[in-house]
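Fold and geometry: a report
Given next are the chains, with one letter for each unit.
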Amino acid sequence: MFETLLIVGIGLAGGFAVGAQAQIAGSMGNRIGGAAGSFIVHLGGVVASLALLIARGGENISEWRHLPWYMLGSGVFGLVLYLTLSQTVPKLGATSAIALVVVGQLLVGLLIDHFGLFDASVRSIDLSRIAAAILLLAGAYLMLR
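Just so it is clear, the structure is predicted and the values come from calculations on it, not from any experiment. (Residues numbered from 1 in each chain as written. Predicted model: local features only at pLDDT ≥ 70, side-chain atom pairs only at ≥ 80, totals over all residues. Heavy atoms only, no water.)

For the structure shown, the criterion picks out two aromatic pairs. Residues Trp-69 and Tyr-70 carry aromatic rings whose centres are separated by 5.8 Å and whose planes lie at 90° to one another, so their mutual orientation is edge-to-face. Trp-69 sits in the exposed class, given a relative accessible area of 72%. In this structure Tyr-70 comes out as partly exposed when scored by relative accessible area, which is 22%. With a centroid separation of 5.1 Å and an interplanar angle of 50°, the aromatic rings of Tyr-70 and Phe-118 are classed as tilted. With Tyr-70 in helix 3 (residues 69–72) and Phe-118 in the loop between helix 5 (94–115) and helix 6 (127–144), this pair connects stretches of sequence that are 48 residues apart. Clustering of aromatic rings is evident, with ring pairs tying together Trp-69, Tyr-70 and Phe-118. (Phe/Tyr/Trp six-rings, centres within 6.5 Å; stacked < 30°, edge-to-face > 60°. Buried < 20%, exposed > 50% of the residue type's maximum accessible area, 1.4 Å probe, protein only. Helix = DSSP H or I, 4+ residues; strand = E, 2+ residues; numbered from the N terminus.)

Have a look at this one:
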């Protein structure tokens, strides 16, 4: 039970981070441009990741050469997210922009789980997952109104 609560807490912390970054990305994109803001955000991420990597003794960084191509290029998704937020937050507000991001995450998550993409365990789409997706879509619609 404790492990489940810990994992849920970690997931919520990630959501809080995306939520805070959404508004920061929107504001920074307005001030200095989307690409410039993305560069600053990702440079800060490199510094923080490097410090964490050093603190963890390098983990298994030497194995990076054996990763599939799609893992090596996955940083582009951070760029897409940042640029998306820098455009949508100023026009729609943080809540609506985040709702759209969450809906997009849900839809791609359903596909990844259903087909077992990117080394994921297969979790087929069933009625309860479809109902959950419909409820989330309805919630996003209400946020955007």
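Next up on the list: the nonpolar core. When a protein is soluble and globular, its nonpolar side chains tend to lie buried together. Counting residues in hydrophobic clusters, the biggest one holds eight residues: Ala-22, Ala-25, Met-28, Tyr-82, Leu-85, Val-89, Ala-97 and Val-101. Of all the secondary structure elements, the ones that give two or more residues to this core are helix 1 (2–32), helix 4 (75–92) and helix 5. (Core = buried A, V, L, I, M, F, W, Y, C linked by side-chain atoms within 4.5 Å.)

In this section: unusual backbone geometry. Notably, Glu-59 is not glycine yet its phi reads approximately 45°, a positive angle. Residue Glu-59 is classed as partly exposed on the basis of its relative accessible area of 49%.

A word on the pattern of salt bridges. In the structure shown here, the tally under the stated rule is two salt bridges. Here Arg-56 and Glu-59 are joined by a salt bridge, their closest N and O atoms 3.0 Å apart. Classification of Arg-56 by relative accessible area gives exposed; the value is 52%. Where Arg-129 meets Asp-113, a salt bridge forms, and the shortest distance between an N and an O atom there is 3.1 Å. Highlighted residues: Arg-129 in helix 6 and Asp-113 in helix 5, separated in sequence by 16 residues. Residue Arg-129 is classed as partly exposed on the basis of its relative accessible area, which comes to 25%. (Salt bridge = Lys/Arg side-chain N within 4 Å of Asp/Glu carboxyl O.)

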